[in-house]
Amino acid sequence: MNRNLLIIILISLVITTAGCTTKYQKFSNENMSFEYPENWEAMPILDDVSLTEREGDGRIFINPTLEDLETFKSWYGQSAEYIGEEKIGGVTCYKYKVDHGGAYIFQKTNTVFLVVYGEGSEDVAKHIIETLNATYIIEPTKSPQI
């Protein structure tokens, strides 16, 4: 391979990956811990956590006490459209499309979680799911079902 071509490829890789590094901070309370981008703010509300992008429209809501799909459906009614299953960080998530975003329902450490995200925040939601740890166990009355 031509040495100049190799140098051009290496420089291109450095340039394309230089701005892609997201820095994370850790949220932790008595219920759960997870990582989220440091340009977001986390606000605990009872057992739930609401996250908002500081300078943008990103929004995420995490609920660790959801017991079954019927509760989720009562919150979103007919606007929740089931998309299918998706594996995120080794966890099977049930994915839904809701008005202006989506939602994942999954079980981790015997706790059922609901992560609702706004438009453009799906990657942040996935990172939260990958890094989420339940610090206590809520035994659901039913496992999440479609």
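Details of the structure are given in the entry above.
Worth saying up front: this structure is predicted, and the values here are computed from it rather than measured. (Residues numbered from 1 in each chain as written. Predicted model: local features only at pLDDT ≥ 70, side-chain atom pairs only at ≥ 80, totals over all residues. Heavy atoms only, no water.)

Some points on the nonpolar core
The following threshold applies: Nonpolar core, defined: a set of buried Ala, Val, Leu, Ile, Met, Phe, Trp, Tyr and Cys residues in which side-chain atoms within 4.5 Å join the residues together. Burial status follows relative accessibility: with a 1.4 Å probe on protein chains alone, a residue under 20% of its type maximum counts as buried, one over 50% as exposed, and anything between as partly exposed. The numbering of helices and of strands both runs from the N terminus, where a helix is a DSSP run of H or I of at least 4 residues and a strand a run of E of at least 2. Contact criterion: two residues are considered in contact whenever any of their non-hydrogen atoms come within 4.5 Å of each other.
Grouped together as the largest cluster of nonpolar side chains are 23 residues, with contacts concentrated most on Met32, Phe34, Leu51, Ile60, Ile62, Phe106 and Ile128. When contributions to this core are tallied by element, the ones reaching two or more residues are β2 (32-37), β4 (48-53), β5 (59-63), β7 (91-98), β8 (101-108), β9 (111-118) and α3 (122-131). Considering every element that reaches this core, the biggest residue donor is α3, with four residues. What Met32 contacts, discounting residues up to four positions off in sequence, is Phe27, Asp47, Val49, Ile62, Pro64, Phe113, Leu132, Asn133, Ala134 and Thr135.

Observations concerning the packing of aromatic side chains
Cut-off, in case you're wondering: Centre distance within 6.5 Å is the pairing criterion for rings of Phe, Tyr and Trp, where only the six-membered ring of Trp is used; planes under 30 degrees apart are then read as stacked, over 60 as edge-to-face, and the remainder as tilted.
Within the structure shown, the criterion is met by five aromatic pairs. When the ring of Phe106 is compared with that of Phe113, the centres are 5.6 Å apart and the planes differ by 15°; the resulting orientation is stacked. Members of the aromatic cluster, each reached through a chain of ring pairs, are Phe27, Phe34 and Tyr36.

A closer look at the sheet that holds β2
What holds strands together in a sheet is hydrogen bonding between their backbones, with the strands either parallel or antiparallel. The following threshold applies: Only strands that DSSP links by at least two bridges are regarded as paired with each other. Lines fitted to the C-alpha atoms define the axes, with helices restricted to the stretch that makes contact. Angles between their N-to-C directions range from 0 to 180 degrees.
Pairing within the open sheet is antiparallel, and its three strands lie in the order β1-β2-β10. Since the sheet does not close on itself, it has two edges, and those belong to β1 (24-28) and β10 (133-134), each with one partner. The pairing of β1 with β2 spans five bridges and is antiparallel. Residue pairing in the sheet places Gln25 in a bridge with Tyr36 of β2. Relative to β2, α3 is tilted by about 145°, and along the sheet it contacts β1, β2 and β10.

Describing the pairing of β8
With seven of eight residues buried, β8 is to be regarded as a mostly interior element. Sheet analysis places β7 next to β8, joined by six bridges and oriented antiparallel. Directly across from Lys95, in β8, lies its bridge partner Tyr104. The antiparallel hairpin formed by β7 and β8 contains two residues in its connecting segment, where His100 sits at a positive phi of about 60°. Where β8 and β9 come together, eight bridges link them in antiparallel fashion. Each residue of the ladder has a partner; that of Gly102, found in β9, is Tyr117. Taking the residues between adjacent antiparallel strands as the criterion, β8 and β9 are bridged by two residues, where Thr109 takes a positive phi near 55°.

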